[in-house]
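Topology and contacts: notes
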Amino acid sequence: MRNSRWGVALLVALVGTVYFLDAVLMPFIAGLILAYLADPLTNYFQRLGMKRVWAVSSVFLVLMIVLALSLLILIPLVVQQIKQLGEALPGVLNWIEGVLAPQVQEWTGYDLASELSNVRETLVENWRDAGSYVAQALGQIGRSGMAFVSWVTYVALIPVVTFYLLLDWERMLNNMANLVPRQWVDDTFRLARRCDEVLASFLRGQLLVMLCLGIIYAVGLTLLGLNFGLLIGVLSGLVSIVPFLGFIVGLVIALVVALFQFDTWWALLGVIAVFGLGQVAESVVLQPKLLGDKIGLHPVAVIFAVLAGGHLFGLTGVLLALPAAAVIMVLLREVKDRYKNSALYDARSEPLEQQTQHDELGRDDKRESS
């Protein structure tokens, strides 16, 4: 009873800390997640003979190179395609009103053109006014100088926190293990290993799957000559955090763009082939190699965790959502296993067995008496 009270008190203190120190905790939680993701690569460098500090430095060098390449190559292309999308948006809406809307009205009787006229004007006006909105936002940031400086400071702290956490990762885990009460060691380590499997399969594995799918979709659509192919591929890869959602969203958008751009069935078949190749690669190569047979988080659990975490604790809650969901899922499975092995779950099995034995003994007595 006393142990349960301590557990509840610790949980309340943890939730209160996250709630009241939301912004302050953001760089530390982000650094903790990044350190967790980078620890396997650091251990790999250590197995090559590097000391821990040089292994961590090598990991940071790899991350900086990837980040620099992304900033120099990927981001300008994405920004350029977003600009092209804004310029092509009026033409797309004209095509919908002049070509697609009459077909929809002929098939269904629904007047799509009248509904889209107001949407078209609103979208075009808002897109043209985007520059003024950005200017207003920058002006507001300038007026809120301390808030802007705090935000920049928090972001700058993330790599610093990540470096020191990654440097002392093994020692931190050992210190935490030594604090666990000795009578709970076996159960705690077993549950911790399960949580690590779930987190590793989702965070590390699913993020790599998202990256690979984004590359496959972006390269394939770009080779087809599809407008905004890179943008659609990046969006599909990001949305693939929920299985099959990236495939559905990307395929629908790419088909609409291909139909508008090429107006031929061959382009539609090419888009379907690109996304089909991505799904085959995910099922045959990416999922078995990167996720294996580990049980990750259910897509519904991912959506609920992110929305609930963001609603309760803001950005810090979003960062904590997936680790918390993994721990809760493991604990619920543990409760389920213990319930199925409990006397409550098998409450009727023993009386039934006793009744069966009683009936068999009764039949034996009748045979002997006869």
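Residues numbered from 1 in each chain as written. Predicted model: local features only at pLDDT ≥ 70, side-chain atom pairs only at ≥ 80, totals over all residues. Heavy atoms only, no water.

- Annotation of the chain in UniProt includes, under Sequence similarities (unreviewed entry), the sentence "Belongs to the autoinducer-2 exporter (AI-2E) (TC 2.A.86) family."
- Here is the UniProt Subcellular location (unreviewed entry) comment for the chain, exactly as written: "Membrane". (UniProt positions renumbered as here; feature names shortened; annotations may be inferred.)

Topic: the overall build of the chain
- Secondary structure summary: the chain contains 13 helices and 0 strands in total.
- Secondary structure elements of the chain occur, N-terminal to C-terminal, as α-α-α-α-α-α-α-α-α-α-α-α-α.
- Here the chain, with 370 residues, has 28% of them falling under the buried criterion.
- If you sum the accessible surface of the chain, you get close to 24,500 Å²; carbon and sulfur atoms cover 69% of it. (Helix = DSSP H or I, 4+ residues; strand = E, 2+ residues; numbered from the N terminus. Buried < 20%, exposed > 50% of the residue type's maximum accessible area, 1.4 Å probe, protein only. Areas by Shrake-Rupley, 256 points an atom, 1.4 Å probe, with all protein chains shown as cover.)

Digging into helix α8 (residues 185-223)
- The end-to-end C-alpha distance of α8, which contains 39 residues, comes to 55 Å, matching closely the 57 Å that a straight helix rising 1.5 Å per residue would cover.
- Taking the largest bend as the criterion, α8 deviates by roughly 25°, centred on Ala200. (Expected span 1.5 Å × (residues − 1). Bend = angle between axes of the 7 residues up to and from the residue.)

A look at the nonpolar core
- By size, the foremost hydrophobic cluster in this structure holds 24 residues, and its most contacted members are Tyr36, Leu166 and Leu203.
- Those elements that place two or more of their residues in this core are α2 (22-47), α3 (52-108), α6 (145-167), α8 and α12 (299-340).
- A per-element tally of this core places α8 first, with 7 residues.
- Excluding its chain neighbours within four sequence positions, the residues that come into contact with Tyr36 are Trp169, Asp196, Leu199, Ala200, Leu203 and Arg204.
- Among the nonpolar cores identified, the runner-up in size contains 21 residues, and Val78, Leu221, Val274 and Phe275 belong to it. (Core = buried A, V, L, I, M, F, W, Y, C linked by side-chain atoms within 4.5 Å. Contact = heavy atoms within 4.5 Å.)

Considering the packing of α8 against helix α9 (residues 229-239)
- Across the interface, α8 lies against α9 with an axial gap of 7 Å and an inter-helix angle of 160°. Taken together, the axes of α8 and α9 are roughly antiparallel relative to one another. The hand of the α8/α9 crossing is right-handed. From α8, Met210, Gly214, Tyr217, Ala218, Leu221 and Thr222 reach across to α9, where they touch Gly229, Leu230, Ile232, Gly233, Ser236, Gly237 and Leu238. (Axes fitted to C-alpha atoms, helices over the stretch in contact; angles between N-to-C directions. Parallel < 35°, antiparallel > 145°, perpendicular 65-115°, else oblique. Left-handed = near helix turned anticlockwise from the far one by under 90°.)

Regarding the packing of α9 against helix α10 (residues 245-261)
- It is the contact of α9 with α10, at a shortest axis distance of 7 Å, that shows an interaxial angle of 160°. In terms of orientation, α9 and α10 fall into the roughly antiparallel class. As α9 runs across α10, the sense of the crossing is right-handed. Residues Ile232, Leu235, Ser236 and Val239 of α9 form the contact with α10, whose participating residues are Leu245, Gly246, Val249, Gly250, Ile253, Ala254 and Val257.
- Partitioned by chemical class, the residues of the contact of α9 with α10 number 8 nonpolar, 3 polar and no charged. (Nonpolar A, V, L, I, M, F, W, Y, C, P; charged D, E, K, R; others polar.)

Re the UniProt feature "transmembrane region" (unreviewed entry) in the chain
- When the UniProt feature table is mapped onto this chain, "transmembrane region" (unreviewed entry) is found at residues 6-38, 59-79, 148-167, 207-232, 238-260, 265-281 and 301-332.
- In this annotation, residues 238-260 is assigned 78% helix and 0% strand; the end-to-end C-alpha distance for the span is 24 Å.
- Taken end to end, residues 265-281 is 100% helix and 0% strand, and its first and last C-alpha atoms sit 24 Å apart.

Some thoughts on unusual backbone geometry
- At Phe228, a position not held by glycine, the phi torsion is positive, near 65°.
- Summarising the element assignment, Phe228 is placed in the loop between α8 and α9.
- Owing to a relative accessible area of 11%, Phe228 belongs among the buried residues under this scheme.

Remarks on the packing of aromatic side chains
- In total, this model carries 6 aromatic pairs according to the counting rule given.
- Ring geometry for Tyr36 versus Trp169: centroids 6.4 Å apart, planes at 50°, classification tilted. Here the residue Tyr36 occupies a position in helix α2, and Trp169 occupies one in helix α7 (residues 169-179), the gap between them amounting to 133 residues.
- Taken together, a centroid distance of 6.0 Å and an interplanar angle of 50° make the contact between Tyr44 and Phe45 tilted.
- Tyr44 gets classed as partly exposed once you look at its relative accessible area, which sits at 42%. (Phe/Tyr/Trp six-rings, centres within 6.5 Å; stacked < 30°, edge-to-face > 60°.)

Regarding the side chain of Ser58
- Note on placement: Ser58 falls in helix α3.
- Overall, the relative accessible area of 18% leaves Ser58 in the buried class.
- Ignoring sequence-local partners within four residues, the contact set of Ser58 consists of Phe45 and Met50.

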